[in-house]
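# Understanding the architecture of this molecule
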Amino acid sequence: MSSGRSRGIFDGLPIPADKSYLKEGLSRIDESWAEARFDSLPHVVHILTSRDREGEVQFLKEQSDLIEDVVDEVVHAYHHGFNKAIQNYSQILRLFSESAESISTLKVDMAEARKLLGSRNKQLHQLWYRSLTLRHILSLLDQIEGVAKVPSRIEKLIAEKQLYAAVQLHVQSMLMLEREGLQVVGALQDVRSELTKLRGVLFYKILEELHSHLYNKGEYSSSTLNMLDGDEIPTTAIGGVVSNSGQPFSRRTRSIKGEGNFGAGSSLLSSVDGGSSFEGHDDESGAADGLMKDSKSSLRDVPAWLSSATPDEFLETIKKSEASLAVKYLRTLVECLCMLGKVAAAGAILCQRLRPTIHDAITAEIKVYSEHATKARITQGTKPDFCSSKGLLDGFKMLKHKNKNGSSLNGTQQIVSPISPLMTPTGQAQRAASELLASVLSSIIHILENHLIVGELLETKSLAHGDSAAAAAAEVNWNPDSESSQATGGYSVTFSLSVVQSECQQLICEILRATPEAATADAAVQTARLANKAPVKEKRDGSEGLSFAFRITEASVSVQNEGWKRGANVQQEGYGTASVLPDLGIYLAASVYRPVLEFTDKIRSFLPEKYSQIGNDALLAFSENFLKDHFLPAIFVDYRKCVQQAISTPAAFRPRVQATSVYSPFIEKGRPVLQGLLAVDFLAKEVLGWAQLMPKYASELVEFVRTILERTYDRCRTSYTEVVLERQSYKLLGRSDMENLMRLDPASALLENASDEQNFGHNVLNAETLEIEMQISDLLWSLRPIKQENLIHDDQKLILLASLSDSLEYLADSIERLGESFVSPTSLDDHNHHHHTRSSSAIPKSLLTLANEYRKLAIDCLKVLRLEMKLVTIFHLQEMTNREYLEDQDADEPDDFIISLTSLITCRDEEMVPFISELKRNYIFGGISSVAANALIKALAEIRSINLLGVQQICRNSIALEQALAAIPSMDSEAIQQRLDRVRTYYELLNLPFEALHAYMSEHEYLFSSKEYTTLLKVNVPGREIPRDAF
């Protein structure tokens, strides 16, 4: 441990490498020799008590010699340093001595100088003042030289579009010219005059730039930048330290919120000592230049229009802003106006230009749309004249086509619709009006966004120079006559929004042919008042927006599709919509509604809450008032008139079809729907088409559709009653017993369920079915004698019933389809939300009930036809009663009444083929076989006599009837054969002797009823003997 410590102590000694033995010797020295307070007594006692005293003494001598050698080496190594230190110490002592002597001498000299200066103080003061004067004169000359070059520099900056740098230079130069000393310099009068002129030039240049960018026509407008399609925007770098901005970014205004300081930076002003910053003579300016050069690593790119600007607070704000280039440029122009002190003048000029510029912007947008529309028509190869009613009809005829049955759907439209085809809800005119207005309002939205940015900047700047009370009042009072509005020359967001909405309203009025005379006058007075900053003292409620008085120039609409003719009193100066829209009139109001709704929603989305009281929904309120007060009443009157005409004409309920045509379930392929019902269906679809364009008024339009459908139903009911009134089938249908039996009839049950129509002709003849058929047949047989005048003997009336049934079924299906497309408004708040969505219900209950009524009347028509054919069968077969079938020869033909019946069945089936489906015809004629079979069997009880040939005659009659019925398509020939085979079996039993007949009755007890078997025994058959006790 001691050797380790010694090595630690002597390691730093300068011992040469060739004398390493010295280090080894030092390591062997005991640690006690190195203690600070060395005690020699222990070592002396050790030597005296040692056995080898001489050896111990010799060891100590060797260690002493070793230490002396080490000391010699150390001294030798540090000898030069020691000498140098001694010399330096000697030199320091010498210098201190000399300094003390010099200070003593200096004290003496300063005392003498003090005496000398005190005696000449006034002369030195004069020399110092003269030096200051000369320095000031040199500074003034330097400034004069710099100011003289300012006009040319400003002109150069203007030419380079460095407007902010030019304004900075102008403001700084004017401040310099106002300094004491420069005001009396006569040589600067011309410079001052030129700067005054340049102030005006700058103002108008900035104003023109601001005006063009407000309407998206400038170099840095959003529309222009979007057209670059990804091209790089020229930027440049300027000096300054960049720091992160803590201010939030607003998507609504595309600007930084809370920036109220847009003044010129203090760096533009001259320094306190009068130095100029133009030529860089000031030392501080040079230091700043050096700082900018040293801080290039922290530079940020800024737009090119600020490349020559002097760094200041506004420039730092622009650098930190995350707004778009268009917004930054607008803010730069507004800042330039503020620096020039021309805010009020600029605002006044912007107010004067606002209305005509908006008018020109709308006109230009319409012109562009017109050119695109013209190119599109040329590309398609058609050039219809859409600017007149004749052109509308010519263009419409090109689209016209005919159905297979010779009828034209578009021809129906041309006859019944109160408007031209292109003016329908899905017509080209509606699409053109909607697209045109949407395009115009979209461009207006971008213009309004720019006006919002500029208006808020100007108002913020004006409030920044006012007191806090005025600022607080401005927050709650956005009246265009307020002091803040006057400070901006009348220009404000409120004013811009009012004028823009006024112009849009006049555009809509031109499209609708409504002249807002009161609104036009009010808007003109408001524009002039705000532009001239003339205060108005009457109280105005900003929430009302603009009020309108309408005068519809189109007084009437021709039902014969003559179109909307232009009135002679229409203003010649307008927006040029006549070159785009094929017709102008009230029916375009529906296509205007949705673009206006979207326009209002967009304004509400980006407009700050504080402007909610200025009536930002005036345009929407105008559109809704026009729709409610003018459009809806007009279409209700026109369509009600068309419906009345459609269902009251003689041809409305006249079956229309070619004799050789075949029924088709599709209206496009010639389904023979009655002309009146087809017209009503078309009109109902057209009215609900307006609901698609105006979801808010869907309920009113659906209610109107329900009204016209109810009127149509009443007319159909009247037509149905006219045919069946006082007819036995109609009376019979009204009886409760017959109604119950027909309800239980499987065929009628299937008729009421449209999904099971395919089963009409394939009913199973079970016991229940046969029982119901038997009851119906018995009821009908009991009505004898049936007179022909109680039947519908006119085949055209029967065809009308068939056609009416099919038409009612078509209209019921159409009503259900109309209900599926029903749209209802779901607005959360009439003032804040105007969004419309599809209704969750598939069909309104009123329309569903009406559709069921139509379907029920259609089924009643079929039931009457079914009963009518059964009664006709009874009418012909009742001739078998009260006669004798004692034939003397075998007849080749059936009876005349059978021939008449089969001919009637065949003829009526052929006549009904084009008007009703096979399954429905199966229902009409399907009850004949059961009634005929039962009647033939019942007639035997009233036949006085019958022989073998008479039985053959009746069998021939049944065969003829079976053939006629089986010839009807989709009829169940097997069921017909089964029923009529039963008749032939029944009559052939008359040919059997009593014993054979009695045996047959025993074997087939349930084939016929006991009453029918009894009739077989009672009837008089010549040559057949029946025991008296057989009954």
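Residues numbered from 1 in each chain as written. Predicted model: local features only at pLDDT ≥ 70, side-chain atom pairs only at ≥ 80, totals over all residues. Heavy atoms only, no water.

## Quick look at the overall build of the chain
Quick note on the threshold: Here a strand is any run of E in DSSP of at least two residues, a helix any run of H or I of at least four, and the numbering for each starts at the N terminus. We call a residue buried when its accessible area falls under 20% of the maximum for its residue type, exposed when it is over 50%, and partly exposed in between, using a 1.4 Å probe and counting protein chains only. Contacts are assigned to residue pairs that have any heavy atoms within 4.5 Å of one another. Shrake-Rupley sampling with a 1.4 Å probe provides the accessible areas, and residues are treated as covered by the protein chains on show and by no other component.
In terms of regular secondary structure, the chain is built from 37 helices and eight strands. Counting the 1031 residues in the chain, one finds 47% classified as buried. Across the chain, the fraction of contacts at a sequence separation of at least 24, relative to all contacts at a separation of at least 6, is 79%. When the accessible surface of the chain is split by element, carbon and sulfur atoms take 53% of a total near 52,100 Å².

## Considering the packing of aromatic side chains
To keep things clear, this is the line we draw: Paired rings are identified among Phe, Tyr and Trp, the last through its six-membered ring, by centres lying within 6.5 Å, and are further divided according to the angle between planes into stacked (under 30 degrees), edge-to-face (over 60) and tilted (the rest).
Under the criterion given, the structure shown has 16 aromatic pairs. With 5.1 Å between their ring centres and 35° between their planes, Tyr-164 and Phe-314 make a pair best called tilted. In this pair, Tyr-164 sits in helix α7 (residues 163-177) while Phe-314 sits in helix α11 (residues 313-320), placing the two residues 150 residues apart along the sequence. Overall, Phe-314 belongs to the buried group, its relative accessible area being 0%. Aromatic side chains Trp-305 and Tyr-329 sit 4.8 Å apart centroid to centroid with 80° between the ring planes, which places their arrangement in the edge-to-face category. Taken together, the residues Trp-305 in the loop between β4 (301-303) and α11 and Tyr-329 in helix α12 (residues 325-340) connect sequence positions 24 residues apart. Exposure class is identical for Trp-305 and Tyr-329. Each is buried.

## Section: a nonpolar patch on the surface
Where we set the bar: Patches were defined on residues exceeding 30% relative accessible area and lacking a salt bridge, with like-charge contacts within 9 Å and nonpolar side-chain contacts (Val, Leu, Ile, Met, Phe, Trp, Tyr) within 5 Å. Only one rule defines a salt bridge in this text: a Lys or Arg side-chain nitrogen within 4 Å of an Asp or Glu carboxyl oxygen.
Judged by side-chain polarity, Ile-67, Val-71 and Val-75 come together as a nonpolar surface patch covering roughly 220 Å² of accessible area. Mapped onto the fold, Val-71 is located in helix α4 (residues 53-119). Given the relative accessible area of 43%, Val-71 is considered partly exposed.

## Some words on the packing of α7 against helix α8 (residues 189-214)
Going by this rule: Each axis is a line fitted through C-alpha atoms, taken for helices only over the stretch in contact, and angles between the N-to-C directions span 0 to 180 degrees. Any angle from 65 to 115 degrees is called roughly perpendicular, while one under 35 is roughly parallel, one over 145 is roughly antiparallel, and all others are oblique. Each crossing is labelled by how the near helix is turned from the far one, with a counterclockwise turn of less than a right angle marking it left-handed and a clockwise turn marking it right-handed.
In contact at an axis separation of 11 Å, α7 and α8 are set at 150° when each is read in the N-to-C sense. Considered as vectors, α7 and α8 are oriented roughly antiparallel to each other. Considering the relative orientation of α7 and α8, their crossing is left-handed. Counting all contacts with α7, which are made through Leu-163, Ala-166, Val-167, His-170, Ser-173, Met-174 and Leu-177, the residues of α8 involved are Arg-192, Leu-195, Leu-198, Arg-199, Leu-202, Lys-205, Ile-206 and Glu-209.

## Some details on the confidence of the model for the chain
The test is simple: In predicted models, pLDDT denotes the confidence assigned by the predictor to each residue on a 0 to 100 scale.
When pLDDT is averaged along the chain, the result is 75, and 73% of the positions lie at 70 or above. Per-residue pLDDT stays below 50 along residues 518-523; that stretch engages in eight contacts with residues further than four places along the chain or on separate chains. Between residues 823-842, whose pLDDT stays under 50, and residues either more than four places distant or in other chains, the model counts 36 contacts.

## Examining the side chain of Ser-945
What counts is decided by this rule: Under the rule applied, a polar contact is a pair of N or O atoms within 3.5 Å (in protein, one hydrogen donor and one hydrogen acceptor; residues adjacent in sequence only if both atoms are side-chain atoms).
Tracing the backbone shows Ser-945 in strand β8 (residues 945-946). Exposure remark for Ser-945: the relative accessible area of 6% places this residue in the buried category. At a separation of 3.0 Å, a polar atom in the side chain of Ser-945 contacts the side chain of Asn-1020. What Ser-945 contacts, discounting residues up to four positions off in sequence, is Arg-883, Glu-884, Tyr-885, Leu-886 and Asn-1020.

## Remarks on helix α23 (residues 675-693)
Counted only if it meets this: Each helix should span, by expectation, one fewer than its residue count multiplied by 1.5 Å.
A rise of 1.5 Å per residue sets the reference length of α23, with its 19 residues, at 27 Å; its end C-alpha atoms lie 27 Å apart and thus fit the reference within 8%. Extensive coverage of α23 is indicated by the burial of 15 of its 19 residues.

## Some points on the side chain of Gln-953
Examined against the element boundaries, Gln-953 turns out to sit in helix α34 (residues 948-966). Given a relative accessible area of 4%, Gln-953 falls into the buried group. At 3.0 Å, the side chain of Gln-953 forms a polar contact with the backbone oxygen of Glu-893. Once residues lying within four places of it in the same chain are set aside, the contact partners of Gln-953 are Tyr-885, Ala-891, Glu-893, Pro-894 and Asp-895.

## What to know about the nonpolar core
For soluble globular proteins, the rule of thumb is that nonpolar side chains tend to be buried together. Quick reminder of the rule: What makes a nonpolar core is a set of buried Ala, Val, Leu, Ile, Met, Phe, Trp, Tyr and Cys residues whose side-chain atoms join them at distances within 4.5 Å.
Ile-444, Phe-631, Trp-690, Met-694, Met-880, Ile-946 and Tyr-987 are the most contacted members of the largest nonpolar core, which has 241 residues in total. Per-element accounting of this core gives the leading share, 18 residues, to helix α30 (residues 845-877). Every residue in contact with Ile-946, bar those within four places of it in the chain, is listed here: Tyr-885, Leu-886, Val-951, Ile-954, Tyr-987, Leu-990, Val-1019, Asn-1020, Val-1021 and Pro-1022. By size, the runner-up hydrophobic cluster in this structure holds seven residues, among which are Leu-22, Ile-29, Leu-66 and Val-70.

## Some details on the packing of α7 against α12
Going by this rule: When residues are grouped by polarity, Ala, Val, Leu, Ile, Met, Phe, Trp, Tyr, Cys and Pro land in nonpolar, Asp, Glu, Lys and Arg in charged, and all others, Gly among them, in polar.
Contact pair α7 / α12: the axes reach a minimum separation of 10 Å and the direction vectors enclose 15°. Judged on the interaxial angle alone, α12 and α7 are roughly parallel. At the point where α7 passes α12, the crossing takes the left-handed sense. The segment α7 lies against α12, with Leu-163, Tyr-164, Val-167, Gln-168, His-170 and Val-171 engaging Tyr-329, Thr-332, Leu-333, Glu-335, Cys-336, Met-339 and Leu-340. Considered class by class, the residues forming the contact of α7 with α12 number nine nonpolar, three polar and one charged.

## Some details on the environment of Leu-458
Note that Leu-458 resides in helix α16 (residues 428-464). The spatial distance from the C-alpha of Leu-458 to the C-alpha of Gly-489 is 9.9 Å, given a sequence separation of 31 residues. Those residues in contact with Leu-458 that lie beyond four places of it in its chain are Val-334, Val-343, Thr-488 and Tyr-491.

## A few points about the state of the cysteines
Just so we agree on the cut-off: The definition used for a disulfide is geometric: two cysteine sulfur atoms within 2.5 Å.
Inspection of the entire model under this criterion finds zero disulfides. Free of any disulfide, Cys-861 has its nearest cysteine sulfur in Cys-716, 8.7 Å distant. Residue Cys-861 is classed as buried on the basis of its relative accessible area, which comes to 0%.

## Some thoughts on unusual backbone geometry
Looking along the chain, the bond that leaves Arg-784 and enters Pro-785 is cis, with omega of 0°. Within the secondary structure, Pro-785 is located in the loop between α28 (767-781) and α29 (795-820). Phi at Asn-216 takes a positive value of approximately 60°, unusual for a residue other than glycine. As for its placement among the helices and strands, Asn-216 is situated in the loop between α8 and α9 (222-227). Exposure remark for Asn-216: the relative accessible area of 14% places this residue in the buried category. Its identity is not glycine, yet Glu-726 carries a phi of approximately 65°, on the positive side. Mapped onto the elements, Glu-726 comes out in the loop between α24 (698-724) and α25 (728-734).

## A few points about the pattern of salt bridges
Under the counting rule described, the total for this entry stands at 30 salt bridges. Between Lys-938 and Asp-778 there is a salt bridge whose closest N-O contact spans 3.6 Å. Here the residue Lys-938 occupies a position in helix α33 (residues 928-939), and Asp-778 occupies one in helix α28, the gap between them amounting to 160 residues. Overall, the relative accessible area of 24% leaves Lys-938 in the partly exposed class. A salt bridge links Arg-921 to Asp-909, with the nearest nitrogen and oxygen atoms 2.6 Å apart. You can see Arg-921 sitting in helix α32 (residues 918-925) and its partner Asp-909 sitting in helix α31 (residues 896-912), a full twelve residues away along the chain. Assigned by exposure class, Arg-921 and Asp-909 land together as buried.

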